[in-house]
Amino acid sequence: MPQTASDKRHFIIVGVLVVITTVIMGVVLNAVLALPEPSVTQASTVDGLFRIHMWLIAFLSALVLVFMVYSLIVFRRRKRTDDGEHFEGNTMLEILWTAIPLVAVALFSVIGVQTLASVTSTPPDEMVIQVTGRQWSWSFGYPDGVETAELVVPVNQGLTMAMTAEDVIH
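This report concerns the structure included in the present document. (Residues numbered from 1 in each chain as written. Predicted model: local features only at pLDDT ≥ 70, side-chain atom pairs only at ≥ 80, totals over all residues. Heavy atoms only, no water.)

### A look at the packing of helix α2 (residues 43-74) against helix α3 (residues 91-120)
Working step 1: As a packed pair, α2 and α3 sit with axes 9 Å apart at the nearest point and diverge in direction by 160°. The angle between the axes of α2 and α3 places the two elements in the roughly antiparallel class. Considering only the axes of α2 and α3, their crossing is left-handed. Together, T45, V46, L49, I52, H53 and L56 of α2 and F108, I111, T115, S118 and V119 of α3 make up the contact between the two elements.
Working step 2: Grouping the amino acids of the contact of α2 with α3 by side-chain chemistry returns 7 nonpolar, 4 polar and no charged. (Axes fitted to C-alpha atoms, helices over the stretch in contact; angles between N-to-C directions. Helix = DSSP H or I, 4+ residues; strand = E, 2+ residues; numbered from the N terminus. Parallel < 35°, antiparallel > 145°, perpendicular 65-115°, else oblique. Left-handed = near helix turned anticlockwise from the far one by under 90°. Contact = heavy atoms within 4.5 Å. Nonpolar A, V, L, I, M, F, W, Y, C, P; charged D, E, K, R; others polar.)

### Quick look at the pairing of strand β1 (residues 127-134)
Working step 1: Bridging between β1 and strand β4 (residues 159-165) involves 7 bridges; their strand directions are parallel. Counterpart to I129 in the pairing with β4 is M161.
Working step 2: The pairing of β1 with strand β2 (residues 137-141) spans 5 bridges and is classified as antiparallel. The partner of T132 across the bridge, within β2, is S139. (Pairing = 2+ DSSP bridges.)

In structure tokens, the structure reads:
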């Protein structure tokens, strides 16, 4: 089916509306669902991933909503006396709507793996605290041999907590 100037005009209008709606929804989502102040080093990495997801959610929502509302308004049913035009599928469009989500999922997989690797990596100077859970109490063992019932965390020091339990699952 050949494209007419009217078809191109509809796609341009919808494209502009999708961009505008995406920006508005992205700003609103990031404002309403504001992330808390970071309290650990890894927070900025995870927060960045959340922000990317918020923008993706805004774009996909805008894409669906704008196409749906635009189609409902512009192409509402009118009285017809003849049959509609016959048209075949569009192979290029089918390839695109298969390939674009595939690329998006692959991209987010790479970003997710990088984020996970960044968050779970342990610096060589990180302090390891042995944490033992008991029924009704915890004990914390430090590298210098001190064991206490109160957790004391040094400032600006990387920390790993190796957790075990003596009696029950905590």
